[in-house]
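# Remarks on the overall topology
Chain by chain, the residues:
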Amino acid sequence: MTPVWSYVMSKWQTLSTSDHASVVSINLFVALLCACIVIGHLLEETRWMNESITALFIGMFTGVIILLVSGGKSSHLLLFSEDIFFIYLLPPIIFNAGFQVKKKQFFVNFITIMLFGAIGTLVSCSIISLGAFQIFQRMDVGSLDIADILAIGAIFAATDSVCTLQILNQDETPLLYSLVFGEGVVNDATSVVLFNAIQSLDLSKVDARVALHFIGSFFYLFSTSTLLGVFVGLLSAYTIKKLYFGRHSTDREVALMMLMAYLSYMLAELLDLSGILTVFFCGIVMSHYTWHNVTESSRVTTKHAFATLSFISETFIFVYVGMDALDIEKWSYVSDSPGTSVAVSAILLGLVMVGRAAFVFPLSFLSNLVKKSASEKITFRQQVIIWWAGLMRGAVSIALAYHQFTRAGHTQLRGNAIMITSTVTVVLFSTMVFGILTKPLIKCLIPHPKDTTSSSILSEPAAPKSFSAPLLGSAQDSEVDLDSPNIPRPSSIRALLATPTHTVHRYWRKFDDAFMRPMFGGRGFVPFVPGSPTERSRH
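Residues numbered from 1 in each chain as written. Predicted model: local features only at pLDDT ≥ 70, side-chain atom pairs only at ≥ 80, totals over all residues. Heavy atoms only, no water.

Turning to the overall build of the protein, a few remarks are in order. If you tally the helices and strands in the protein, you get 23 helices and zero strands. Of the contacts formed within the protein by residues at least 6 apart in sequence, a portion of 83% connects residues at least 24 apart. When the accessible surface of the protein is totalled, it reaches about 24600 Å², and 67% of it is carbon and sulfur. (Helix = DSSP H or I, 4+ residues; strand = E, 2+ residues; numbered from the N terminus. Contact = heavy atoms within 4.5 Å. Areas by Shrake-Rupley, 256 points an atom, 1.4 Å probe, with all protein chains shown as cover.)

The following block contains the structure:
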């Protein structure tokens, strides 16, 4: 034992102080993630808590301990970097959202989702920016220019639907789940696109030309990012369908899907596009074509692998946000005027609530105008839940705030420190308070959700969280036969507006079955691979 122990001690001493600190920090952080999973499992059935709030509390508790141990110098185990967030943590979350999205629900409610996620985000960003400009210039906030004010609008227009989706049940409230889920993903992408468009503008003088350039940049980023994601998804489907990887190794199929999904995100970042939008639509295309071209063992593997990576990334982010709430460096710059930081946080929270109400209720009214079926219309109680569910701010807001107001996680400007601390305060307050009260609010406004399940449109089995059935199995991916006589073809423009998704979906189904699936594979067009699990199951 003595030689072994001597070898271990010699290797330990060769580590530099920084390396040793990094190893200790990573070990502690991994232990925290394990604790979040265990405690979250034990609190699974509680009425008030969910995994996001649990991770925040654990992060804050750990931050207090680190502060005490370090003598009040630091509350962090690792230094936050927005690059780490955008390059490593965010892609698996967004890709899994697109990969496991219930396409039937998503595209039936596509117009409403795009209204909320795109138009609603623009409205919310405008109201928050205008309110911040009018109020902050009268307060002692620090030096904030017009670019900072517009960035604040984009930062706080980004919702965090992760916490709410852990409470909503897609079997009991499919319409609510679909709208909140779809809006959350589109909203995150739109907020980042807005933020990037603002960064690329010359705001030294604002006129009509600058406004037109901003609108053009926004739609350019939105459209090109979407097309890039679709292209990479179709390329992966065609490659796997033609080369029959499952013939030799399912590992190659899984590896190719993961790497091409990540490649789509990095290509978008390389081309200065929106990686979030690209990887989201890449996930949708892969779930519709690529996933059906691989063997059954690869389907199970990819399903759980993507969901696991997404879950770990979300937990990591919430734990860090909890620790970052106690960052002494940033709070020291606002310690001389704590009332200002509290006032800024309260103002931003109020602007978030007003900005969200300004589009949820009017856009819900417009959406209901073109829907004839009462079961498809968004009731006032559902509108209140959608409004409440989108008040939570999370990881995207934190990352964008760090990107705008710090350098490598540090800041020495009082105005920037106030905005960082205010962002952290709004994220913590909204996630904990609104998140804790969401489930009781749903129980109060929708007391018997099971009774409404039968009348909800296109209910789908198996929640993604349960994994009791494939996330993208035949039950999920089946489409409604929109050519049936029960759905009449529109005979006028008014009738077309009343059933736009039905009409678009019908023509898309014909095009998909006639050209896309024979070319790229998909359900019903799985390539024949000798000796594969698919072949044996057919026999």
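After that view, the rundown keeps rolling.
Our focus in this paragraph is the nonpolar core. Counting residues in each nonpolar core, the largest one holds 123 residues, and the members touching the most others are Phe85, Phe136, Ile152 and Met419. Residue contributions to this core peak at 15 residues, all from helix α9 (residues 174–199). Grouped together as the second largest cluster of nonpolar side chains are six residues, Leu234, Tyr289, Met516 and Phe520 included. (Core = buried A, V, L, I, M, F, W, Y, C linked by side-chain atoms within 4.5 Å. Buried < 20%, exposed > 50% of the residue type's maximum accessible area, 1.4 Å probe, protein only.)

Within the fold, serine 422 resides in helix α18 (residues 414–445). Leave out the neighbours within four places in its chain, and serine 422 touches Ser341, Val344, Ser345 and Leu348.

All right, on to the environment of valine 334 then. Its place among the elements puts valine 334 in the loop between α14 (328–333) and α15 (338–369). Judged by relative accessible area, which is 2%, valine 334 ranks as buried. Taking the C-alpha atoms as reference points, valine 334 and leucine 413, 79 residues apart in sequence, are found 9.9 Å from one another. When near neighbours in sequence (up to four residues on either side) are disregarded, valine 334 contacts Ser341, Arg414, Ala417, Ile418 and Thr421.

Of all ten residues that make up helix α16 (residues 380–389), eight are buried, and the element is covered over most of its length. Taken together, the buried positions of α16 are occupied by Gln382, Gln383, Val384, Ile385, Ile386, Trp387, Trp388 and Ala389.

Summed over all chains, the structure comprises two salt bridges. We note a salt bridge from arginine 356 to glutamate 183, for which the minimum N-O separation is 2.8 Å. Of the two residues, arginine 356 sits in helix α15 while glutamate 183 sits in helix α9, which places them 173 residues apart along the sequence. In this structure glutamate 183 comes out as buried when scored by relative accessible area, which is 3%. Here aspartate 513 ties to arginine 517 by a salt bridge, and the two come within 3.5 Å at their closest N and O atoms. With a gap of four residues between them, aspartate 513 and arginine 517 both fall in helix α22 (residues 500–520), about one helical turn apart. Residue classification places arginine 517 among the buried residues on the basis of a relative accessible area of 4%. (Salt bridge = Lys/Arg side-chain N within 4 Å of Asp/Glu carboxyl O.)

So, about the packing of aromatic side chains. According to the stated counting rule, one finds 13 aromatic pairs in the structure shown. Ring centres of phenylalanine 95 and phenylalanine 99 lie 5.6 Å apart, and the angle between their planes is 20 degrees; on these two criteria the pair is classed as stacked. Linking phenylalanine 95 with phenylalanine 99, this pair stays in helix α4 (residues 82–99), spanning four residues, or about one helical turn. Among the aromatic residues, those joined into a ring-pair cluster are Trp387, Trp388, Phe429 and Phe434. We note arginine 299 situated over the ring of tryptophan 291; from NZ or CZ to the ring centre the distance is 5.5 Å. (Phe/Tyr/Trp six-rings, centres within 6.5 Å; stacked < 30°, edge-to-face > 60°. Lys NZ or Arg CZ within 6 Å of the ring centre and 35° of its normal.)

A few words now on helix α17 (residues 395–405). With ten of eleven residues buried, α17 lies mostly within the body of the structure. Within α17 the residues assigned to the buried category are Ala395, Val396, Ser397, Ile398, Ala399, Leu400, Ala401, Tyr402, Gln404 and Phe405.

This part is about the confidence of the model for the protein. Taken as a whole, the protein shows an average pLDDT of 75; of its residues, 73% reach a score of 70 or greater. The least confident element of the protein is helix α20 (residues 474–477), whose mean pLDDT is 40; the most confident is helix α11 (residues 250–270), at 90. Here residues 531–539 scores under 50 on pLDDT; set against residues more than four positions off or in separate chains, the count is ten contacts. (pLDDT = per-residue confidence, 0-100.)

Looking now at the packing of α9 against α16. Two numbers describe how α9 lies on α16: the axes approach to 11 Å, and their chain directions differ by 30 degrees. You can see that α9 and α16 cross each other, and the crossing is right-handed. Of α16, the residues touching α9 (which contributes Leu175, Leu176, Leu179, Val180 and Glu183) are Gln382, Ile385, Ile386 and Ala389. Its residues placed into classes, the contact of α9 with α16 shows seven nonpolar, one polar and one charged. (Axes fitted to C-alpha atoms, helices over the stretch in contact; angles between N-to-C directions. Left-handed = near helix turned anticlockwise from the far one by under 90°. Nonpolar A, V, L, I, M, F, W, Y, C, P; charged D, E, K, R; others polar.)

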